[in-house]
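# Inside the fold
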Amino acid sequence: MIDINLSGVWKSVKAAVPHLDSGASIILTSSVAGLKAYPHTGHYVAAKHGVVGLMRSFAVELGPRNIRVNSVHPTHVNTPLLINDNTFRLFRPDLENPGLDDFAPICQTFHILPIPWVTAEDISNAVLFLASDESRYITGVALPVDAGSCLK
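Below is a summary of the structure that appears in this document. As the structure is a computational prediction, the values presented were derived from the model and not from experiment.

Cut-offs and rules
Residues numbered from 1 in each chain as written. Predicted model: local features only at pLDDT ≥ 70, side-chain atom pairs only at ≥ 80, totals over all residues. Heavy atoms only, no water. Helix = DSSP H or I, 4+ residues; strand = E, 2+ residues; numbered from the N terminus. Contact = heavy atoms within 4.5 Å. Areas by Shrake-Rupley, 256 points an atom, 1.4 Å probe, with all protein chains shown as cover. Lys, Arg positive; Asp, Glu negative; His and termini not counted. Charge placed at Lys NZ, Arg CZ, Asp CG, Glu CD. Pairing = 2+ DSSP bridges. Axes fitted to C-alpha atoms, helices over the stretch in contact; angles between N-to-C directions. Parallel < 35°, antiparallel > 145°, perpendicular 65-115°, else oblique. Left-handed = near helix turned anticlockwise from the far one by under 90°. Nonpolar A, V, L, I, M, F, W, Y, C, P; charged D, E, K, R; others polar. Buried < 20%, exposed > 50% of the residue type's maximum accessible area, 1.4 Å probe, protein only. Polar contact = N/O pair within 3.5 Å; in protein donor to acceptor, adjacent residues only side chain to side chain.

### Digging into the overall build of the chain
Of the regular secondary structure elements, the chain holds five helices and three strands. Each helix and strand of the chain, ordered N terminal to C terminal, gives the series α-β-α-β-α-α-α-β. The dimensions of the chain, computed from C-alpha atoms along their principal axes, are 55 × 30 × 25 Å. Sequence-distant contacts in the chain: of pairs separated by 6 or more residues, those separated by 24 or more amount to 68%. By element, 60% of the accessible surface of the chain is carried by carbon and sulfur atoms, the whole surface being about 8,700 Å². Positive and negative charge centroids in the chain, built from 11 and 13 side chains respectively, lie 10 Å apart.

Written as structure tokens, this is what we have:
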């Protein structure tokens, strides 16, 4: 977990930086778990919190070159990583054959807004904003796309 989700991020940024010009924007993907803790996932939480530390360090190091560095922090995203039978059974062991409709209310409890998950497009839009000139003076920011999950 640390090797891929943390060291991999560091190595990727270090490999890319020599090829970046002034005005570039680096956006790291973390997770809501990079901003708050969850039980039984310490290895994942630690790696994703580490991404925030890397983002802030890179923002300080690269700011003088006018390179911005930020991170996005998604909550549950309706992709096959989340929406699958194994996850349904993990979160609803009380049911013999749980499905999406059984799983959605569990996910919704993680959020302030009344939704169970966000879409990949929601995350992409946040990344597009951080990559655009509209955010030209934003650096060192951890941007949650989390339906209010960090407030819980």
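Having put the structure on the table, let's press on.
### Regarding the sheet that holds strand β3 (residues 142-145)
Pairing within the open sheet is parallel, and its three strands lie in the order β1-β2-β3. The open sheet has two free edges, formed respectively by β1 (25-29) and β3, since each of these has just one partner strand. The mean inter-strand angle of the sheet, taken between neighbouring strand axes irrespective of direction, is 25°. Relative to strand β2 (residues 68-74), β1 runs parallel, the two sharing five bridges. Following the sheet pairing, threonine 29 is matched in β2 by valine 72. Sheet contacts for helix α5 (residues 120-131): β1, β2 and β3; angle to β2, the most-contacted strand, approximately 165°.

### Some thoughts on the packing of helix α1 (residues 2-16) against helix α2 (residues 42-62)
Viewed as axis vectors pointing N to C, α1 and α2 meet at an angle of 15°, and their least axial separation amounts to 8 Å. By the criterion of interaxial angle, the relationship of α1 to α2 is roughly parallel. Considering only the axes of α1 and α2, their crossing is right-handed. The residues of α2 that touch α1, namely those facing Ile2, Asn5, Leu6, Val9, Trp10, Val13 and Lys14, are His43, Tyr44, Ala46, Ala47, Lys48, Gly50, Val51, Leu54, Phe58 and Glu61. Across the contact of α1 with α2, the residue classes break down as 11 nonpolar, three polar and three charged.

### Looking at the side chain of serine 31
Looking at where serine 31 falls in the secondary structure, it is placed in the loop between β1 and α2. Overall, the relative accessible area of 9% leaves serine 31 in the buried class. Here the side chain of serine 31 touches alanine 33 through a polar contact of 2.9 Å, landing on its backbone nitrogen.

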